[in-house]
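Each chain is listed here by its residues.
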Amino acid sequence: MIARLFNFRGGVKPDAHKNESANASIQAAPMPAHLIVPLRQSTRATARCIVSPGQHVLKGERIGEAEGTLGTAVHAPTSGTVVEFGLYPLAHPSGLNTRCVVIEPDGEDRWADHQPFDYHGATREQTLAQLRDCGIVGLGGATFPSHVKLGRGSGIDTLILNGAECEPWITCDDRLMRERAADILAGATILRELIGARRLVIGIEDNKPEAIAAMQAAAGSVEGDVAVIAIPSLYPAGGEKQLIRVLTGVEIPYGKLGAEFGVQCFNVGTAHAVYRALAHGEPLVSRVLTLTGNVARPGNYEVLIGTPISHLLTLCEPKPDTDRTLMGGPMMGFALPRLDVPVVKGTNCIISASPALFPPPPPEQPCIRCGECARACPAELQPFELYWFSRAHNFGKAQEYNLFDCIECGCCSYVCPSHIPLVDYYRFAKSEIWAREREKSAADQARDRFEFRNFRQEREKEEKAAKLAAKAAETRAKLADKDATAPAPAAAAASSGEEDPKKALIAAALARAKAQKEAVQARNTEALSPDTEKEIAEIDARRIKAALVDPAAPAGEPPSERSPESTS
Amino acid sequence: MIHSPYIRKPASVQRVMLNVLLALIPGIAAYVWQIGAGILVNLAIASVTAVAAEVLMLSLRKRPVMLAATDLSAVVTAWLVALAFPPIVPWWLTVFAVLVAIVAVKHLYGGLGQNPFNPAMAAYCTMIVAYPSLMSQWPVSGAVSFDTQLHLILGGLRELDAVTGATALDTLRTGLRGDTNVGELLQTSTYGLLGGRGWEWIAGGYLLGGLFLLLTRTITWHLPTGFLAGLAVTSGVFWLFHPDQFASPLFHLATGGAMLAAFFIVTDPVSGATTPRGKLIFAAGIGLIAYLIRAFGAYPEGIAFAVLLMNICVPLIDMKTQPAVFGHRGGPNS
Ligand code: SF4
Ligand code: SF4
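Scoring rules and cut-offs
- Residues numbered from 1 in each chain as written.
- Chains lettered and ligands numbered in written order.
- Predicted model: local features only at pLDDT ≥ 70, side-chain atom pairs only at ≥ 80, totals over all residues.
- Heavy atoms only, no water.
- UniProt positions renumbered as here; feature names shortened; annotations may be inferred.
- Axes fitted to C-alpha atoms, helices over the stretch in contact; angles between N-to-C directions.
- Helix = DSSP H or I, 4+ residues; strand = E, 2+ residues; numbered from the N terminus.
- Parallel < 35°, antiparallel > 145°, perpendicular 65-115°, else oblique.
- Left-handed = near helix turned anticlockwise from the far one by under 90°.
- Contact = heavy atoms within 4.5 Å.
- Buried < 20%, exposed > 50% of the residue type's maximum accessible area, 1.4 Å probe, protein only.
- Lys, Arg positive; Asp, Glu negative; His and termini not counted.
- Salt bridge = Lys/Arg side-chain N within 4 Å of Asp/Glu carboxyl O.
- Polar contact = N/O pair within 3.5 Å; in protein donor to acceptor, adjacent residues only side chain to side chain.

Labelled according to an unreviewed UniProt entry, chain B appears under the name Ion-translocating oxidoreductase complex subunit D, originating from Parazoarcus communis. For chain B, the Sequence similarities (unreviewed entry) comment in UniProt is given as "Belongs to the NqrB/RnfD family." Note on chain B: under the UniProt heading Subcellular location (unreviewed entry), the record states "Cell inner membrane".

Under the annotation held in an unreviewed UniProt entry, chain A carries the name Ion-translocating oxidoreductase complex subunit C and is attributed to Parazoarcus communis. Quoted verbatim from the Subunit (unreviewed entry) heading of the UniProt record, the comment on chain A is "The complex is composed of six subunits: RnfA, RnfB, RnfC, RnfD, RnfE and RnfG." Reading the Subcellular location (unreviewed entry) entry of the UniProt record for chain A gives the comment "Cell inner membrane".

Asker: Help me understand the packing of helix 1 (residues 13-34) of chain B against helix 10 (residues 199-215) of chain B, please; the structure alone is not making it clear to me.
Answerer: Relative orientation and spacing of two packed helices are given, respectively, by the angle between their axes and the distance between those axes. Residues and elements named next belong to chain B. At a minimum axis distance of 8 Å, the contact between helix 1 and helix 10 shows a crossing angle of 165°. Classified by the angle their axes make, helix 1 and helix 10 are roughly antiparallel. Of the two elements, helix 1 crosses helix 10, and the hand of that crossing is right-handed. Residues Asn19, Val20, Leu22, Ala23, Leu24, Pro26, Gly27, Ala30, Tyr31, Trp33 and Gln34 of helix 1 form the contact with helix 10, whose own contacting residues are Trp199, Trp201, Ile202, Gly205, Tyr206, Leu208, Gly209, Phe212 and Leu213.

Asker: How should the UniProt feature "binding site: [4Fe-4S] cluster 1" (unreviewed entry) in chain A be read in this particular structure?
Answerer: All names here are of chain A. Per the UniProt entry, the sites bearing "binding site: [4Fe-4S] cluster 1" (unreviewed entry) are Cys367, Cys370, Cys373 and Cys416 in this numbering. Across 50 residues, the annotated set stays spatially compact, with a maximum C-alpha separation of 10.4 Å. Structurally, Cys367 can be placed in the loop between strand 17 (349-353) and helix 10 (372-376). What makes Cys367 buried here is its relative accessible area of 8%. Along the chain, Cys373 falls in helix 10. With residues up to four places along the chain from it excluded, the contact list for Cys373 reads Pro383, Phe384, Cys412, Val415 and Leu422.

Asker: Sorry, what's going on with the UniProt feature "binding site: [4Fe-4S] cluster 2" (unreviewed entry) in chain A here?
Answerer: Residues and elements named next belong to chain A. The UniProt feature table records "binding site: [4Fe-4S] cluster 2" (unreviewed entry) at Cys377, Cys406, Cys409 and Cys412. Over a stretch of 36 residues, the named residues converge on one spot in the fold, their C-alpha atoms separated by at most 10.4 Å. Checked against the element boundaries, Cys406 lands in the loop between helix 12 (395-400) and helix 13 (411-415). Judged by relative accessible area, which is 13%, Cys406 ranks as buried. Apart from residues lying up to four places away in sequence, Cys406 is in contact with Leu381, Tyr426 and Lys430. Tracing the backbone through its elements, the reader meets Cys409 in the loop between helix 12 and helix 13. A relative accessible area of 7% means that Cys409 is categorised as buried. Beyond its immediate sequence surroundings of up to four residues, Cys409 is in contact with Tyr235, Pro236, Met331, Met332 and Pro378.

Asker: I tried to follow the environment of Ile317(B) on my own but got confused; where do I start?
Answerer: All names here are of chain B. Tracing the chain through its elements places Ile317 in helix 15 (residues 303-320). Residues Ile317 and Thr275, spaced 42 residues apart in sequence, show a C-alpha to C-alpha distance of 8.6 Å. When sequence neighbours within four positions are dropped, the list of residues in contact with Ile317 reads Ala273, Gly278, Ile281, Phe282 and Met310.

Asker: How do you make sense of unusual backbone geometry when you look at a structure like this?
Answerer: Excluding glycine, a negative phi dihedral is what most residues carry, and trans is how most peptide bonds are arranged. Across the junction of Tyr235(A) and Pro236(A), the peptide omega takes the value 0°, indicating a cis bond. The topology assignment puts Pro236(A) in the loop between strand 11 (225-231) and helix 7 (240-248). Between Ser4(B) and Pro5(B) the backbone carries a cis peptide bond, its omega angle lying at -5°. By the secondary structure assignment, Pro5(B) is in the segment before helix 1. We note that Thr143(A) has phi near 50°; this positive angle belongs to a residue other than glycine. Using a relative accessible area of 15% as the deciding quantity, one classes Thr143(A) as buried. Of note, Glu317(A) is a non-glycine position whose phi angle comes to about 55°, a positive value. On the secondary structure map, Glu317(A) appears in the loop between helix 9 (309-316) and strand 15 (324-327).

Asker: Before we go on, may I ask you to explain the side chain of Lys345(A) in this structure?
Answerer: Residue and element names in this part refer to chain A. Of note, Lys345 is situated in the loop between strand 16 (334-335) and strand 17. For the buried Lys345, which has no salt bridge, the nearest side chain bearing the opposite charge is Asp133, at an N-O separation of 11 Å. At 2.9 Å, the side chain of Lys345 and the backbone oxygen of Gly135 are in polar contact. Residues within four places of Lys345 in sequence aside, it is in contact with Gln41, Ala73, Gly135, Val137, Leu139, Thr143, Leu284, Arg287 and Ile305.

Structural data, given as structure tokens:
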């Protein structure tokens, strides 16, 4: 296949800093004293805990059951004892707590039973369920459940494997590709089959020649249309939409999935995990991550999910002037508010930061509308316009200028000569808009509730009135009965109806309806004096006697007997 | 707490402004060589005034003084004022102009980044309306010694007829009002190879500096190209139509402030359009209006007015030329 590369506009070229850790092969990180396994390992979904303190678990044993469409199962990363089930801080800028299972390893690291999954013999649903139950989520950082992303298994032409790894410092995917290329490709062919794609395209930034070579060698033995393509090193080439654009020319708009455009993209680490889950039946209990930055021994480690970051830091030995620890890359990562938080499935890199390595940004200056940010923006936005609008709290305008297309890649902040923390303004604007939406929907609900209450009260009033009217009609009918010497035809009809309960019911319903209609329409009968009412009742009774009118007919209605007269 | 990105490109407003100042140097060198060193005195007066005004205004507005006063933006304005004005204007006129630019046009609108009008051009327009005669005395290349220039700038010496001539554009205008045609006029001593005598070199210096700005990505090609094309096309149409009555596009490009404007004035990011298409429209509009004023207006040089007029249109231009966002433009998607 001849690769034609498209380019995305914008992007920046920060110092890659890959050399620090790129040559350190993947090592297993030593077992920590405790593993804190969050039950929330996939996008917006928390698994339901199915173990209790004191219970012994084996490596790969399920400890959390998938719940909801976006849920995936969570497993014990090693064999040991569940010591606690409770709230622990999560690796998140907010430092929020989440439900975690704490496991004390027994040191044996003994696997629970697991067998290869025969996905050729299984239905598609069974295979997807297997992936969900093995806890497979996207390892590129977003932790989107893979079984959901695999979609319907049709309508997709191209599977893209993301090996771009464009954030500075991070090398875990690079090492994975160099060392486990065959497994990644085996996983990729499974994915290709599962999404029903014809083509497999693997995109790798050209600053990773060894990974490209390894993947190319492994791709040689894979059947079908497979291409390993070197793409220019330009941040954020590894952004899913940017990578799809570079490799296929297709632009996926905000809020849309690649599947709608015939492409789907998976991270190389995810492909590797899919292979382990199906070919070996192994749940996702560990991942490869990079430890780097201001450290004595940068490296890449296979780390059990739930390993505390503080434990990992002892491996790379941060230098004394380290002042912060970042999770993720320097462009999109965040500073950890505390170090006792555990590694999760989306953790790809831990960077020790020092003021020398990541100096605090120079003081903010006014925007000079130089347009540098617009030239750097891969979403092709006008970041300075978004900044003015966000700053002025003009969120409507910000949305008009496509605020939500911003992928928060940080390119604009990176280039701004005025050192304006542009992305922070967008984060602020987005969260304000979300908060207002929530408020609005809460207000909408309150209004709905209020309107429904009014409606209900109105309805109750009407029902009451109807009941009263029906009662009045009944009284009138009784009076009519009393006065009548012969049985009214209606009564006759009713008596004949008794033979047919259905008919009777219908008749009763009709009568009720008429009574209601009367209550609504015959307003002029309401305020009558008892004498007048009696008079009317008498007239009615006479009419009934003459078999001229239905007793239940509203009093005010023109008697039907007139019609023949008028037409004659 | 500091959020991502944790790394920054080594860029600063100061660096941008410094690039602009550096890029002006070839033009200034040619200026000194062709017209005389008096311009250096003007540049110095303007710079000192600008920085002093900046410091004063920042402290009055209770803004951090140090950072903003050293961002060099005031110096850029000062240099543009000095270079756009005749080099023999009295010192107080330069001071007055710079005060108008910095105090009124820049700070009264909210300081750096907020001014809707180009400060140097607003000052130019104010001065040409207020002091039309002082603003139209330009020395002919080589005719005024540095000594005389210094006297003209600093002292009361105002025996001008002996030392100044009308500018190339001015002569062209008055000439054409009479019976002379362009060809004859261009033979007179006011004119050099392309435009006004000596000014081709200065224009060449600005062009060189402009290329430097393009190479360092301080400016994009859209604004200079749009402006020069706007000026060339408009003048070209009239010239083709009536070569006796209208000077050639080449003359217009090489004369007056065309090159200075193309690379240093219409490229002011703060008061100009920002989208790629918007920049082309904005700059071409300046070229067009500048030509119309040159050819038919009451002033020999129309760039300053053209810039202000187009400044007014910037919000509309920007709004109407917003480029499509990634994923929102059809193409292979549709
Ligand atoms: S890069 Fe910074 S100064 Fe330049 S336009 Fe964007 S926000 Fe303004
Ligand atoms: S953070 Fe948003 S606005 Fe800034 S460059 Fe990235 S996508 Fe564009």
